[in-house]
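Observations on the model geometry
Here is how the chains run, residue by residue.
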Amino acid sequence: MEKSESTLNNSLVFAVNGKKFEGGYGAYVVLLSKYNPVLDQVDDFTVSSCLTLLCSINGCSITTTEGLSNTKDGFHPIHERFSGFHASQCGFCTPGMCMSLFSALVNAEKTPRPTPPPGFSKLEVSEDERAIAGNLCRCTGYRPIADVCKTFAADIDMEDLGFNSFWRKGDSKEVKINNLPFYNHSNEICTFPEFLKNEARFALLLDSRRYSWYSPVSIEELQRLLGSVEDGNGSRVKVVVGNTGMSYYTELESFDKYIDLRCIPELSMIRRDDTGMIIGATVTISKAIEALREGNIFWKKIVYHMEKVASGFMRNSASLGGNLVLAQRNHFPSDITTVLLAVGSLVNLMNGLKSEEITMEEFLRRPELDSKSILVSVKIPDWNRIMSICSRTKMKLLFDTYRAAPRPLGNALSYLNAALMAKISRCTSSNGMVVSDYRFAFGAYGTKHAIRATKVEEFLTGKVLSVDVLYEAVKLLRSIVVLDDDTSYPAYRSSLAAGFLFEFFSHLVEGNAESPNGYVNGYSTLMSPARHLDHGKVSTLLTSGKQEVELNKQYHPVGEPIAKSGAVIQASGEAVYVDDIPSPTNCLHGAFIFSTKPLARVKGIELKPKSVADGVNAVISFKDILGENLGIKTGFGPKPLFADDFTRCTGQCIALVVADTQKHADMAADLAVVDYNMENLEPPILSIEGVVRKSSFFEVPSSFQPKQVGDFSKGMAEADHKILSAEIKLGSQYYFYMETQTALAVPDEDNCIVVYSPIQAPEYAQSTISRCLGIPEHNVRVITRRVGGGFGGKAMKAIPVATACALAAYNLRRPVRMYMNPKTDMKTTGGRHPMEVTYSMGFKEDGKITALHLDILINAGIGIDISAIIPLFIVGAIKKYDRGAFSFDIKVCRTNHSSKSAMRGPGEVQGTFISEAVIEHLLSKNIHQYFIDISVKSKH
């Protein structure tokens with residue numbers, strides 16, 4: 001067979017949805033398929049396309065949600081079921097959800113499981129739910145999404161599925177199954193086209209000089225490449241495997257060369273011997289999990305924890321060695337490092353001709369690895385075999401891992417993680433348990449890397465476990481796990497460490513009898529009874545839930561479960577969001593330069609020479625505004641687009657950098673130097689105390705001032721009990737929409753401009769742009785087709801982005817677009833209103849509230865935005881309860897923080913929290929009397 005032209009030229013070749021490509025393609029989660037010509041098999045797995053480097057997919061096939069089906073050819077059952085179960089709201093995350101589920105279905109068909117009934121797959125319910133565990137959704141909620149996944153499982157109970165447009169309440173199981181869009185696994189698309197298999201049978205090596213992509217095939221070749229970098233030729237080189245570190249450590253700079261380590265056999269092998277398992281540094285976390293799962297129960301315990309790390313599509317790309325190097329070099333809060341530290345893993349390093357094997361503890365303590373040091377492999381000991389050899393000592397091995405994170409699985413770093421291992425035996429002189437040979441590891445709590453709690457280990461060595469001994473060990477651990485000053489939730493993280501240690505030993509302290517099955521106090525040699533499971537199975541992620549909706553024909557079709565218009569094209573990836581619109585010819589890209597000072601004079605802005613060289617076209621500031629310096633205009637007051645001679649809060653936009661690409665614009669904005677002067681300025685107002693001291697308040701129009709209820713003094717006089725001057729502090733909250741702020745402005749004929757913006761209030765944007773540009777409103781056209789998540793953050797806060805793009809486009813007479821990175825978005829957008837609350841209340845013996853008074857100070861930030869309506873909404877939420885006499889003094893505070901705005905239930909959320917906190921406080925004061933009353937009544 002002749003080689004294709006692309007192979008002969010050593011050019012990049014891959015397939016997207018079955019078609020040959022020699023370029024790039026972007027989505028979020030996609031299916032990546034690799035062909036192994038030796039085994040003649042295709043591996044299918046999901047990856048994040050945002051992080052996957054183009055040259056790394058040479059010879060691979062990509063399947064996106066558009067490749068499953070579309071409007072023209074008919075939709076895939078996945079798409080139709082997402083639509084029918086109302087599982088797509090904004091739709092921005094839905095294509096990734098679809099591909100994660102599709103990948104699970106494809107891989108399930110490769111298993112030797114029994115053939116499922118028609119319309120179903122080989123997946124089980126728990127596996128279906130796990131398929132989308134790493135995909136984030138901020139709008140819809142996971143219940144309908146999980147329902148979609150469960151419809152493909154053969155073991156699903158149809159009664160467990162929620163509200164949908166396929167059937168009605170009371171329909172039989174047969175009707176429900178027949179009404180579901182039919183899934184036929186035998187009709188699935190081919191994920192790896194035949195033409196690409198022919199390409200893959202030959203070595204698909206890229207021309208290094210053409211692509212700056214190097215794939216060494218031996219450690220010696222790698223060392224030569226790294227040595228040439230050290231020789232000082234000025235090249236910026238990045239060593240890569242999966243490139244997933246970019247998701248945590250964002251890199252704006254460019255690299256001249258990339259060195260791909262995946263072709264080196266020593267780094268990609270997995271080998272098992274009598275002492276343990278050796279895993280090469282470039283082996284993906286998913287492959288490491290597969291290898292460990294085939295081992296004994298000790299390794300399966302490690303697997304149980306590793307499956308909670310990141311998400312499936314991240315583990316498919318991320319390498320085990322990369323995770324460890326990030327922990328050692330960048331102090332990444334790694335779960336895997338903590339677990340491997342506890343089990344006594346060994347690390348094989350190579351520097352030049354020198355090779356050494358060191359402990360994980362020594363590896364972490366060393367200075368950051370230099371560019372010539374290569375992490376070759378990691379060795380995980382086989383403690384199950386070690387303990388079987390030592391069985392004559394009658395010692396048992398106790399091993400468990402712990403992790404506390406915002407989400408149980410996927411896309412959430414730990415607040416704290418731990419891995420605890422100890423050998424236990426019965427004391428010969430008492431009925432207690434003696435513990436020896438400890439290994440306690442704790443990580444992800446603000447330190448540079450995971451640590452061994454050696455002082456606790458030394459304290460417990462040789463001691464008979466008791467409540468007093470465990471109490472002293474917990475106290476000692478608290479003194480060791482000390483968090484840095486800037487670490488969030490310090491008290492919580494410290495208590496987690498103590499709790500994990502207590503949980504690890506508590507079963508051995510509660511009783512000391514050995515059960516007849518050979519377990520020590522209910523513990524197997526490796527885990528507690530709760531963990532003594534088949535580790536190939538994981539319990540379902542979601543608790544059972546059901547949605548009951550009563551339909552009323554009187555208001556037909558209101559309330560009918562009609563599929564959302566456009567949901568199916570959101571699932572199929574055909575829905576067009578602002579950033580999906582192709583860039584017009586000569587399009588420029590913008591990025592905000594924002595203030596890093598809360599109050600300062602702006603003397604000037606300087607771009608570093610490198611920024612100017614990298615495609616910067618212009619810097620737009622308030623001096624370039626043709627009309628009014630207006631960024632937001634509500635009925636309560638304006639907010640400027642750019643800071644003038646003064647910046648009045650951190651995060652205030654000072655200027656807009658316009659460059660040839662978004663990356664160059666972001667780099668230039670990040671490298672810009674703003675010259676500040678703070679002489680003869682009063683200190684900024686950054687606290688509520690400062691607000692009160694300077695009486696810095698916004699005026700609330702009388703029409704938005706809520707009305708008080710009753711006579712507070714009289715209500716307090718009637719009270720049997722009183723709570724005085726209790727305090728509540730509520731923090732802010734970021735919107736965290738999946739699609740960050742973005743806009744595209746295109747100059748049009750006859751002095752007009754067209755602006756594409758995912759804004760929730762386009763009419764306000766039209767008015768603001770008109771006044772900023774000094775043109776009539778009818779010359780401004782704002783188009784909003786759909787919003788990729790808003791929650792109020794794209795009502796007022798999207799206006800400055802659209803206005804800045806429109807101003808730059810109008811001035812430069814070229815299209816300008818912007819896609820804000822999350823960092824800038826969070827600093828400039830504000831969020832939910834933080835507030836401080838002081839309350840006093842009186843209540844009767846039976847708990848009935850007779851009077852409540854609230855003093856609320858709302859931090860609105862530097863601008864009024866919509867903050868004037870927040871008091872009305874807060875009081876409205878609190879009035880849902882009967883508070884007796886209800887008085888309040890609510891003030892909207894002006895501070896030198898970014899202005900806050902509407903956010904999902906503005907004021908209602910805070911008001912509800914205050915209301916429930918007051919009730920909870922009352923109950924805590926009166927609970928003792930309640931229990932006495934209940935006890936007395938029960939006796940009669």
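Use the structure listed above.
Residues numbered from 1 in each chain as written. Predicted model: local features only at pLDDT ≥ 70, side-chain atom pairs only at ≥ 80, totals over all residues. Heavy atoms only, no water.

What about the overall build of the protein chain?
As a reminder, the rule being used: Where helices and strands are cited, they refer to DSSP runs of H or I of at least four residues and of E of at least two residues respectively, numbered from the N terminus. In this scheme, a residue with accessible area under 20% of its type's maximum is buried, one over 50% is exposed, and one in between is partly exposed, where area comes from a 1.4 Å probe on protein chains only. Here, residues are in contact when the closest pair of their heavy atoms is within 4.5 Å. Computed by Shrake-Rupley with a 1.4 Å probe, the accessible areas treat only the displayed protein chains as cover when residues are assessed.
Secondary structure summary: the protein chain contains 31 helices and 34 strands in total. The buried share of the protein chain, taken over its 940 residues, is 51%. A fraction of 74% describes how many contacts in the protein chain between residues 6 or more apart in sequence connect residues 24 or more apart. Carbon together with sulfur atoms contributes 52% to the accessible area of the protein chain, which is approximately 42800 Å² in total.

Let's talk about the packing of helix H27 (residues 762–773) against helix H28 (residues 799–812)
Defined as follows: Fitted lines through C-alpha atoms serve as axes, helices being fitted only where they are in contact, and the angles separating the N-to-C directions of these axes extend from 0 to 180 degrees. By definition in this entry, angles of less than 35 degrees are roughly parallel, angles greater than 145 are roughly antiparallel, angles of 65 to 115 are roughly perpendicular, and the rest are oblique. In a left-handed crossing the near helix is turned counterclockwise from the far helix by less than a right angle, and in a right-handed crossing that turn is clockwise. Polar here means any residue outside two lists: the nonpolar Ala, Val, Leu, Ile, Met, Phe, Trp, Tyr, Cys and Pro, and the charged Asp, Glu, Lys and Arg; Gly therefore counts as polar.
In contact at an axis separation of 9 Å, H27 and H28 are set at 40 degrees when each is read in the N-to-C sense. When the interaxial angle is binned, H27 and H28 end up oblique. The crossing of H27 and H28 is right-handed. Of the residues in H28, those touching H27 at Tyr764, Ala765, Thr768, Ile769, Cys772 and Leu773 are Ile799, Ala802, Thr803, Ala806, Leu807 and Tyr810. In the contact of H27 with H28, the residues fall into ten nonpolar, two polar and no charged.

So, the nonpolar core
To keep it simple, the criterion reads: Within this scheme, the nonpolar core is defined by two criteria: the residues are buried Ala, Val, Leu, Ile, Met, Phe, Trp, Tyr or Cys, and they are joined through side-chain atoms within 4.5 Å.
Core analysis: the largest hydrophobic core is formed by 73 residues, its most contacted members being Phe642, Ile753, Leu854 and Ile914. When residues of this core are assigned to their parent elements, the largest contribution, ten residues, is made by H28. If we ignore the near neighbours within four places in the chain, the residues touching Leu854 are Val837, Thr838, Tyr839, Ile878, Phe886, Ser887, Phe888, Asp889 and Ile914. One finds Met277, Ala281, Val283 and Val325 within the second-largest nonpolar core, a separate group that totals 43 residues.

What to know about the side chain of Asn417
Note on placement: Asn417 falls in strand E15 (residues 416–426). Setting aside residues no more than four positions away along its own chain, Asn417 makes contact with Ser334, Asp335, Thr338, Tyr402, Arg403, Ala441, Phe442, Gly443 and Ala444.

Considering the sheet that holds strand E34 (residues 885–894)
As a reminder of what qualifies: In short, DSSP must find at least two bridges between two strands for them to pair.
Pairing is mixed across the open sheet formed by five strands, whose spatial order is E26-E34-E33-E32-E27. The sheet is open, and its two edges are formed by strand E26 (697–698) and strand E27 (721–730), each paired on a single side. Note: strand E32 (residues 835–843) against strand E33 (residues 849–861), nine bridges, orientation antiparallel. The residue of E33 that forms the bridge with Glu836 is Leu857.

So, the pattern of salt bridges
Formally: Within this document, salt bridges are pairs made up of a side-chain nitrogen of Lys or Arg and a carboxyl oxygen of Asp or Glu, the two lying within 4 Å of each other.
If you walk through the whole model with that rule in mind, you get 27 salt bridges. The shortest N-O distance in the salt bridge between Asp147 and Lys150 comes to 3.7 Å. Linking Asp147 with Lys150, this pair stays in helix H6 (residues 142–150), spanning three residues, or about one helical turn. Comparing Asp147 with Lys150, the two get one shared label, buried. With a shortest N-O distance of 3.3 Å, Lys848 and Asp882 are connected by a salt bridge. Here Asp882 lies in the loop between helix H30 (870–878) and E34 and Lys848 lies in the loop between E32 and E33, a separation of 34 residues in the sequence. On the basis of relative accessibility, which here comes to 46%, the residue Lys848 falls in the partly exposed class. Put simply, Glu361, Arg365, Arg452 and Glu457 are held in one network by salt bridges that share partners.

Thoughts on helix H3 (residues 77–84)
Spacing of three or four residues puts side chains on the same side of an α-helix, whose turn is 3.6 residues. Burial analysis of H3 places seven of its eight residues in the buried class, the great majority of the element. Among the residues of H3, those classed as buried are Pro77, Ile78, His79, Arg81, Phe82, Ser83 and Gly84. Where H3 is buried, its residues touch helix H2 (65–68), helix H4 (94–108), H6 and helix H22 (567–571). His86 sits one or two residues past H3 and shows a positive phi near 55 degrees.

Points about the packing of aromatic side chains
Describing an aromatic ring pair means giving the distance of the ring centres and the angle of the ring planes. The criterion, for reference: For this analysis, a ring pair means two rings from Phe, Tyr or Trp (six-membered ring only for Trp) whose centres lie within 6.5 Å, classed as stacked if their planes differ by under 30 degrees, edge-to-face if by over 60, and tilted for the remaining angles.
Under the criterion given, the structure shown has 24 aromatic pairs. The interplanar angle of 40 degrees and the centroid separation of 5.0 Å between the aromatic rings of Phe298 and Phe399 together place this pair among those described as tilted. Of this pair, Phe298 sits in helix H13 (residues 297–306) while Phe399 is found in strand E14 (residues 396–404), placing the two residues 101 residues apart along the sequence. With respect to burial, Phe298 and Phe399 carry one shared label: buried. When the ring of Tyr438 is compared with that of Phe440, the centres are 5.1 Å apart and the planes differ by 65 degrees; the resulting orientation is edge-to-face.

Concerning the environment of Arg329
Inclusion rule: Polar contact is the term for a pair of N or O atoms within 3.5 Å; when the atoms are in protein, one must be able to donate a hydrogen and the other to accept it, and sequence-neighboring residues count only if both atoms are side-chain atoms.
For Arg329, the position within the fold is in helix H15 (residues 320–329). In this structure, the C-alpha to C-alpha distance between Arg329 and Glu368, residues 39 residues apart in sequence, is 4.8 Å. Those residues in contact with Arg329 that lie beyond four places of it in its chain are Glu368, Leu369 and Asp370. Within polar-contact distance, the side chain of Arg329 engages the backbone oxygen of Leu369 at 3.4 Å.

Some details on the sheet that holds strand E23 (residues 646–647)
Read across the open sheet, the three strands follow the order E23-E19-E25; overall the sheet is antiparallel. One side of each edge strand has no neighbouring strand; the edge strands of this open sheet are E23 and strand E25 (673–677). Bridging between strand E19 (residues 600–606) and E25 involves five bridges; their strand directions are antiparallel. Looking at E25, one finds that Arg601 is bridged to Asn677.

Regarding unusual backbone geometry
Looking along the chain, the bond that leaves His556 and enters Pro557 is cis, with omega of 5 degrees. Relative to the helices and strands, Pro557 resides in the loop between helix H21 (490–510) and H22. Despite not being glycine, Asp437 shows a phi value in the positive range, around 55 degrees. Within the secondary structure, Asp437 sits in strand E16 (residues 433–443). For Asp437, a relative accessible area of 39% puts it in the partly exposed group.

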